[in-house]
Amino acid sequence: MESGAIPLESVGPFDLQATVESGQTYLWDRADGNMYERMAAHGGDHWYETVVPPIDGVSDERAVVRVRQVDGRLEWESTTDAVPILTHLLRLDDDLDAILAATPDLPLLRRAYEEYRGMRLVRDPPFPCLISFICSAQMRVSRIHGMQTRMAESYGDPVEFDGRTYHAFPTPGQLAERTEAELRDLSLGYRAPYVRRTAGMVADGEADPAAARGMAYEDAREYLTRFVGVGDKVADCVLLFSLGFLEAVPLDTWIRTAIADYYPECDAGGYAETSRAIRERFGGEYAGYAQTYVFYYLRAGGE
C-alpha cells in the first residue's frame, strides 16, 4: 500500500465532500456507507474510495484509491501513487478562484459560490460516466449511485486492497454480455436495454465516448447522442463531468427552474437554443462551473 498527502495550500479552495456528493459523479463510495445522507453535503472529513481504470497520460494501471480531507490536506491510500490520479479526477489542477472570477457577478451565483466554496468539477472516466448518466433519468442521486454500485459488485472485476475486496466498474464487454433481464434485476428498469446496447456499441468499436473529446462543443454533444438512451442533457453531463467541456450546461430540472425564476429571457424554446442562452448568461467558457454550483445550491434548498 502507498500513502501520502496533498497540501491544499498548493491547490487553492477545495471541498472533497461537496465535490463527490454533489451529483456530478456516482463512482465514489463513502467508507462509512452514508453517501448522500444529506442534500447539502460539504466540509466533511470522511474517507471516500473508488477503483480507477487506467487513464491515458495519467496512470497505466487500474488503481484503488482512498482519500479524505483533513487539516488542510488530502490524505490518500492507494495501490499506486495517487497524486496524479486525484489531481486528474478531482480537477486539482484548476485555478478555481480564477475560474469563478471569470463568471458573471450574478446574485444567485454569488450565493452558491459562498455556500459551497471549494467544490470542483470532476473528470470521471468516460464509459462509467456515460453509463451513470444513462441511469440518471428521473432518479434521485442515491438511487443512481446504488445502480452503479450494484453493477460493479455484480459484474466488475474484484480488486484486493488492504484486506478488502473492491470492485471495478464493469468494462463495456462485461456489461454488453449481460441480458436485459439481469440488468433489470439490479433495478435499472427501462434503462436496462439502454445500458446493454450502449455498452455493446463501445465494446464493438461502433462508437467511443472519449472520441468526443477533440470535437467542437456542439458537435461533441451531437456525437454522444448516438448512444442508446442519451439525449442532449445526458450528453452535456458526460461532456462536463468527464470530457473537459467546461462550457457545457446540462438543462436538468434545477437549471430549468433557475431559468424560469431568475433568467426567463434565456428560455428560447428548444434545448440547443436555451442551452446557448444560459451558457452565455453564465459567462461562456466556464459556464459549466456556474451550472454545477447553481444545481447543487438549488437542489439543497437554496434560493
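Here the structure is a predicted model, which is why all the values come from computation and not from measurement.

### Let's talk about the environment of Ala290
Part 1: As for its position among the elements, Ala290 is in helix α14 (residues 287-299).
Part 2: A residue is classified by how much of its surface remains accessible, and Ala290, at 0% relative accessible area, is buried.
Part 3: Contact partners of Ala290, with chain neighbours within four places excluded, come to Leu109, Tyr113 and Phe282.

### Regarding the pattern of salt bridges
Part 1: Tallied over the full model, the rule gives 22 salt bridges.
Part 2: Where Glu49 meets Arg164, a salt bridge forms, and the shortest distance between an N and an O atom there is 3.1 Å. With a gap of 115 residues between them, Glu49 in strand β3 (residues 48-52) and Arg164 in strand β7 (residues 164-167) connect regions that are remote in the sequence.
Part 3: The exposure class assigned to Arg164 is partly exposed, which follows from its relative accessible area of 38%.

### A word on helix α10 (residues 217-224)
Part 1: Taken as a whole, α10 has its buried residues at Tyr217, Ala220, Arg221, Tyr223 and Leu224. Buried residues of α10 fall within an arc of 160° about the axis and therefore sit on the same side.
Part 2: Packing partners of the buried residues in α10 comprise α11 (232-241) and α13 (271-281).

### Some details on the packing of aromatic side chains
Part 1: Enumeration over the complete set of coordinates arrives at 12 aromatic pairs.
Part 2: Arranged with centres 6.3 Å apart and planes meeting at 40°, the rings of Tyr26 and Tyr36 form a pair that is tilted. Here Tyr36 lies in the loop between β2 (29-30) and β3 and Tyr26 lies in the loop between α1 (16-20) and β2, a separation of 10 residues in the sequence. Grouping residues by exposure puts Tyr26 and Tyr36 together as buried.
Part 3: Plain terms: the ring middles of Tyr263 and Phe282 are 5.7 Å apart, the flat faces sit at 90° to each other, and that makes the pair edge-to-face.

### So, the packing of helix α5 (residues 126-134) against α11
Part 1: Two elements in contact, α5 and α11, have axes whose closest approach is 9 Å; the angle formed by their N-to-C orientations is 145°. Note that α5 runs across α11; the crossing there is right-handed. When α5 is examined against α11, the residues Cys129, Leu130, Phe133 and Ile134 are found in contact with a partner set consisting of Val234, Cys237, Val238 and Phe241.
Part 2: Among the residues forming the contact of α5 with α11, the class breakdown is eight nonpolar, no polar and no charged.

### Some points on the side chain of Thr292
Part 1: Turning to its location among the elements, Thr292 is positioned in helix α14.
Part 2: Only 2.9 Å separates the side chain of Thr292 from the backbone oxygen of Gly288, close enough to count as a polar contact.

### Remarks on the sheet that holds strand β1 (residues 2-7)
Backbone hydrogen bonds hold the strands of a sheet together, and the pairing may be parallel or antiparallel.
Part 1: One open sheet accounts for five strands, arranged β1-β5-β4-β3-β2; its pairing is antiparallel. Of all the strands in the sheet, just β1 and β2 have a single pairing partner and so form its edges.
Part 2: The sheet contact formed by β2 and β3 spans two bridges and is antiparallel. Considered in β3, the bridge of Arg30 is made with Tyr48.

Parameters and conventions
Residues numbered from 1 in each chain as written. Predicted model: local features only at pLDDT ≥ 70, side-chain atom pairs only at ≥ 80, totals over all residues. Heavy atoms only, no water. Helix = DSSP H or I, 4+ residues; strand = E, 2+ residues; numbered from the N terminus. Buried < 20%, exposed > 50% of the residue type's maximum accessible area, 1.4 Å probe, protein only. Contact = heavy atoms within 4.5 Å. Salt bridge = Lys/Arg side-chain N within 4 Å of Asp/Glu carboxyl O. Arc of directions from axis to C-beta. Phe/Tyr/Trp six-rings, centres within 6.5 Å; stacked < 30°, edge-to-face > 60°. Axes fitted to C-alpha atoms, helices over the stretch in contact; angles between N-to-C directions. Left-handed = near helix turned anticlockwise from the far one by under 90°. Nonpolar A, V, L, I, M, F, W, Y, C, P; charged D, E, K, R; others polar. Polar contact = N/O pair within 3.5 Å; in protein donor to acceptor, adjacent residues only side chain to side chain. Pairing = 2+ DSSP bridges.

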